[in-house]
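# Summary of structural features
For reference, the chains in residue letters:
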Amino acid sequence: MAISTLGSGIDIPSLVSQLVAAERSPVENRIARGQNAAKTELSAIGSLKSAFSNLKTALDKLRKEDGTNARVTNVPEEAGFTASAATSAAVGEYDIEVVNLATAHKLTSAGKPADTKIGTGKLVIEAGDTKIEVEIKEGRNTLSDIRSAINTAAAGKGVAASLVNADDGQHLVLTATDTGTEGKLRVTTSGGDGGLSMLTFDGTAGGMAETVEAKDAKVVVDGLARTSSSNSITDLLPGVTLSLTKAKPGETFTLKVATDNDALKTTLQGFVTSYNTLIGLTKSLTAYNAETRQGAALTGDSMVRGLQAQLRNLASEQVVALKDLGVKINVDGTLTLDTSKLTSALADDPGALSRMFSGKDVEGADSSYGAKLEDMLGSVLEDDGLFDSRTDSLNARIKTYTKQYEDLDRRMESLQARYTAQFTAMEQMVTQLQGSSGFLSQQLGSM
């Protein structure tokens, strides 16, 4: 319903809108300031939590064995073997000779035309402890059929059958899936028409020819011999895996196992970078601009000051030990890594970095810098820890501001209705007075 403005000439809707806006503005501005401040603080807490989490991830890498005890191997080219080392491997040098490789036993049948019916009965193939029984029936007894039947029965264990089409015909080839004498093949038959006898092998001779002898690998380390059914040997040198690739009898090559300084540098530098990023973030979030007289999102925040103090105190306790490893604590609280000094320190004491971040005393307790820092980070990052509690509190505050907006909207709607009613009543009264004034004027004029 349109509101008349003929009586007073006042634009009531515009006037009401201005009056409501004037009353709304200071309250709305106060709510907006509080809400924006809470959201800014919430974002800052999220950034801080992320930085602490990144530092913990970097610390976890140093706390692991492969973070501080990484090993690297060096093997001359054409040595006949390769090597890899776990963190448990002892640093040292070893003279190694690969006398021979482990080979997989291989048997080959006589050549036959591809469509030749070989025979019927049961094939029994023994490969080490594995025993495979294969029924060969009439109508499905060519070498191709037998190959398929063996592979189906073996299912990849003990033996693999294949075909070779040579000039003298088709050959069935049986190959042990395991190298060494443990995988040696033995083939016998039973029943049937006797035609399968061409596929037998009793360990030394038979219907099939031995084309590759089953042999164990032999390697000599520092004059000590070791045989193995596999070309991958994991228990000869604790923590070291030797992979034999070529027999070189009479030739000795030196395997070197050393601390992987490059890996350690990368891991420690990752920690230093994460630490410095966190220190920089805490400073920027608590900074104060004297010129603009404006503070950052967490200026003066007691929680952040407490966390800064904990980080500083933990590092200060280890200032000498860190310096010995090439880690300098700067005046601003950040860290600087001298990689050349770290290399020298690890050469003198390969376990120094490990003790710094995961060292244990004689009773097995871990009181290292890494353990203390891990406890500190864990306490603030855990569920319902400092960050979660602060986040929950800020989210609750933001909800109250949302409710304040809703309450303000309702109050302003009520205020607008009241003002509109009051001015409308005034307008009606003015119109009535104007009507009465006109009537009186007419009466006086007629007299």
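Predicted model, so just to flag it, every value in this text is computed and none were measured.

A few words now on the packing of aromatic side chains. Overall, the coordinates contain four aromatic pairs when judged by the stated rule. Summarising the aromatic geometry, the rings of F52 and F387 are spaced 5.4 Å apart at their centres and angled 55° between planes, so their arrangement reads as tilted. Of this pair, F52 sits in helix 1 (residues 12-63) while F387 is found in helix 10 (residues 386-446), placing the two residues 335 residues apart along the sequence. Here the two residues F52 and F387 agree in accessibility, since each one is buried. For the ring pair F271 and F357, a centre distance of 5.4 Å and an interplane angle of 75° mean the geometry is edge-to-face. Residue F271 is found in helix 4 (residues 261-285), and its partner F357 is found in helix 8 (residues 352-358); the two are separated by 86 residues along the sequence. For the pair shown, F271 and F357 are each scored as buried. The structure contains a cluster of three or more aromatic residues connected by ring pairs, namely F271, Y275, F357 and Y369. The residue whose ring lies beneath R418 is Y419, and the NZ or CZ to ring-centre distance is 5.9 Å.

Attention shifts here to the environment of Y401. Relative to the elements of secondary structure, Y401 occurs in helix 10. On the accessibility criterion, Y401 (14% relative accessible area) is buried. Y401 sits 363 residues away from A38 along the chain, and the two C-alpha atoms are 9.4 Å apart. Contact partners of Y401, with chain neighbours within four places excluded, come to I31, G34, Q35 and A38.

F52 and F271 are the most contacted members of the largest nonpolar core, which has 45 residues in total. Every element with two or more residues in this core is listed here: helix 1, helix 4, helix 5 (302-317), strand 19 (335-337), helix 7 (339-348), helix 8, helix 9 (369-381) and helix 10. In terms of residue count, the dominant contributor to this core is helix 1 (nine residues). In contact with F271, other than residues within four places in its own chain, are L55, A58, L59, L62, L335, F357, Y369 and L373. Core analysis: the second largest hydrophobic core is formed by 24 residues, V134, V159, L172 and V187 among them.

Definitions and limits used
Residues numbered from 1 in each chain as written. Predicted model: local features only at pLDDT ≥ 70, side-chain atom pairs only at ≥ 80, totals over all residues. Heavy atoms only, no water. Phe/Tyr/Trp six-rings, centres within 6.5 Å; stacked < 30°, edge-to-face > 60°. Helix = DSSP H or I, 4+ residues; strand = E, 2+ residues; numbered from the N terminus. Buried < 20%, exposed > 50% of the residue type's maximum accessible area, 1.4 Å probe, protein only. Lys NZ or Arg CZ within 6 Å of the ring centre and 35° of its normal. Contact = heavy atoms within 4.5 Å. Core = buried A, V, L, I, M, F, W, Y, C linked by side-chain atoms within 4.5 Å.

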